[in-house]
Amino acid sequence: LSPALSLSFSLTAAGYQTAISKFVAANTAGRRSDDLKTLLTGASITLPLSLGVNAVLFLAAEPIGTFLLKEARTISMLRILSFSIPFAALHACINGYFYGKKKASVPALTQLLEQLARVGCVFLVTGADLSEGRTSINAAVLGLTVGELLSMLIALICLYIHLYPDASVLSLQNICPSSAVYRDLLGMALPLTANRIVLNILQSIE
């Protein structure tokens, strides 16, 4: 499953996380509305992309598992994995925002909780399966999806707490994405995304 997961993340999140982090860090004026506008612009691009990848992985799991991954047992795993893509994309955008604000403690916290949730989910699901006399390889992928969901929710809570003191000045007019922000963000994110996609395709072929 590693090729499908790596390629999905490269397409939907990796370049945009870096671009968001760069533009937030470059906001020397320190206007929080500009930072949030950058984040919302990135999220408005990655979420549709991630939902599209989610749909492709879910609906095309059989041919991907059978013909590309050469393992029929990955079909059900791909369908479970597909739901983690939107969670991971939004989580990556928020992480990029906090990296740009030099608050690496938030991404560190979400990643730690993600790993704990992943391991805990695998432990519980596997224990329940073994108690009923069956085994399933889907537990690991289910744990990954649950971990991504939890980390996204924690990241959203941290973002709300971070923005709450200035919530009154963050009007819709000030934070609404503009064409200029889209142009600047895409100008940086697209080359990064293309580079990551090519690298992942070559690694997958290897």
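Residues numbered from 1 in each chain as written. Predicted model: local features only at pLDDT ≥ 70, side-chain atom pairs only at ≥ 80, totals over all residues. Heavy atoms only, no water.

Caption draft 1: Representation of a nonpolar patch on the surface within the structure. On the surface, Leu 7, Val 198, Ile 201, Leu 202 and Ile 205 cluster together into a nonpolar patch covering about 460 Å² of accessible area. Among the elements that line the nonpolar patch, the one with the most residues is helix α9 (residues 179–205), at 4 residues. If you trace the backbone, Leu 7 turns up in helix α1 (residues 2–25). Judged by its relative accessible area of 33%, Leu 7 is partly exposed. (Patch = residues over 30% accessible without salt bridge, like charges linked within 9 Å, V, L, I, M, F, W, Y side chains within 5 Å. Areas by Shrake-Rupley, 256 points an atom, 1.4 Å probe, with all protein chains shown as cover. Salt bridge = Lys/Arg side-chain N within 4 Å of Asp/Glu carboxyl O. Helix = DSSP H or I, 4+ residues; strand = E, 2+ residues; numbered from the N terminus. Buried < 20%, exposed > 50% of the residue type's maximum accessible area, 1.4 Å probe, protein only.)

Caption draft 2: Quick look at the packing of helix α3 (residues 61–68) against helix α4 (residues 74–82). Where α3 contacts α4, the axes come no closer than 8 Å and their chain directions differ by 130°. In terms of their interaxial angle, α3 and α4 are classed as oblique. In this structure, α3 meets α4 at a crossing whose hand is right-handed. Side by side, α3 and α4 meet where Ala 61, Glu 62, Ile 64, Gly 65 and Thr 66 of the first sit next to Thr 74, Ile 75, Leu 78 and Arg 79 of the second. Of the residues that constitute the contact of α3 with α4, the class distribution is 4 nonpolar, 3 polar and 2 charged. (Axes fitted to C-alpha atoms, helices over the stretch in contact; angles between N-to-C directions. Parallel < 35°, antiparallel > 145°, perpendicular 65-115°, else oblique. Left-handed = near helix turned anticlockwise from the far one by under 90°. Contact = heavy atoms within 4.5 Å. Nonpolar A, V, L, I, M, F, W, Y, C, P; charged D, E, K, R; others polar.)

Caption draft 3: Local environment of the side chain of His 162. Take His 162: it is sitting in helix α7 (residues 138–163). By relative accessible area, which is 12% here, His 162 ends up buried. Setting aside residues no more than four positions away along its own chain, His 162 makes contact with Arg 32, Tyr 97, Phe 98, Lys 101 and Lys 103.

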